[in-house]
Amino acid sequence: MDSQRPPHGIFESIGSSTLGWTQGLLISALVLLILLLVLWGLKAWRKKRLNKPQVVKNPWDELRSLIEAQGADTAPEHIGKLNHALRKALELKTGRAFTAWTSEEIMVELKRDEGFSSDFQSKCAQFLKTSDHVLYALQPLDNEDRSHWNQQISLWLESLQFGRPL
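I will try to describe carefully the structure that is included in this document.

Some remarks on the overall build of the protein
Link 1 in the chain: Helix and strand counts for the protein stand at seven helices and zero strands.
Link 2 in the chain: From first element to last, N terminus to C terminus, the protein shows the α and β order α-α-α-α-α-α-α.
Link 3 in the chain: Taken across its 166 residues, the protein has 25% of its residues classed as buried.
Link 4 in the chain: In the protein, of all internal contacts separated by at least 6 residues, the share reaching a separation of at least 24 is 57%.

This is the structure we're talking about:
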């Protein structure tokens, strides 16, 4: 038998015109598979990088920083943020939906609660009335009143957070 000739003449009997195409398709499929794996890896890495565990802030600190950030602001929105901070603090303290209530509803609820002094209720009513005038009647708030309410809300937040009587 001839040592250079393949057995049974199998390669000589059938000529392959698709052998080049087959190799090309195989290489293309491998390149596509590698490309898909790289894209999948990038997507997984990006998802992991973007979904870092977020630090949960203390809601009391968020309220305090909201007030401190608004310290020199004279816009009507300032009193609105103070109003929201007070409502949110009352909500955190009592578990009732103060942020969803009107000023009138808040006062009714505070009068029902024995944990709030009549002095606090009176000052709170005054603040809510002032904020309603600024926000809805567009009455200006002078710097002295703005500074007073800023300090008062800060004191109330601290008292509410640490359970001091109001």
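This is not the end of the story, as more comes after the structure.
As for helix α5 (residues 103-112)
Since the α-helix turns once every 3.6 residues, residues separated by three or four places project in the same direction.
Link 1 in the chain: What α5 keeps buried is the set Ser103, Ile106, Met107, Glu109 and Leu110. Mapping the buried residues of α5 onto a view down its axis gives an arc of 165°, with all of them on the same face. Those residues of α5 that are exposed and aimed more than 90 degrees away from the buried face are Glu104, Lys111 and Arg112.
Link 2 in the chain: Elements that come into contact with the buried residues of α5 comprise α4 (76-94) and α6 (118-136).

Some points on the nonpolar core
Link 1 in the chain: Counting residues in each nonpolar core, the largest one holds 26 residues, and the members touching the most others are Leu110, Phe127 and Trp156.
Link 2 in the chain: Among the secondary structure elements, those contributing two or more residues to this core are α3 (59-69), α4, α5, α6 and α7 (143-162).
Link 3 in the chain: At six residues, α4 tops the list of elements feeding residues into this core.
Link 4 in the chain: In this structure, leucine 110 is in contact with Leu90, Phe98, Phe116, Phe120, Gln121 and Cys124, ignoring residues within four places of it in sequence.

Quick notes on the rules
- Residues numbered from 1 in each chain as written.
- Predicted model: local features only at pLDDT ≥ 70, side-chain atom pairs only at ≥ 80, totals over all residues.
- Heavy atoms only, no water.
- Helix = DSSP H or I, 4+ residues; strand = E, 2+ residues; numbered from the N terminus.
- Buried < 20%, exposed > 50% of the residue type's maximum accessible area, 1.4 Å probe, protein only.
- Contact = heavy atoms within 4.5 Å.
- Arc of directions from axis to C-beta.
- Core = buried A, V, L, I, M, F, W, Y, C linked by side-chain atoms within 4.5 Å.

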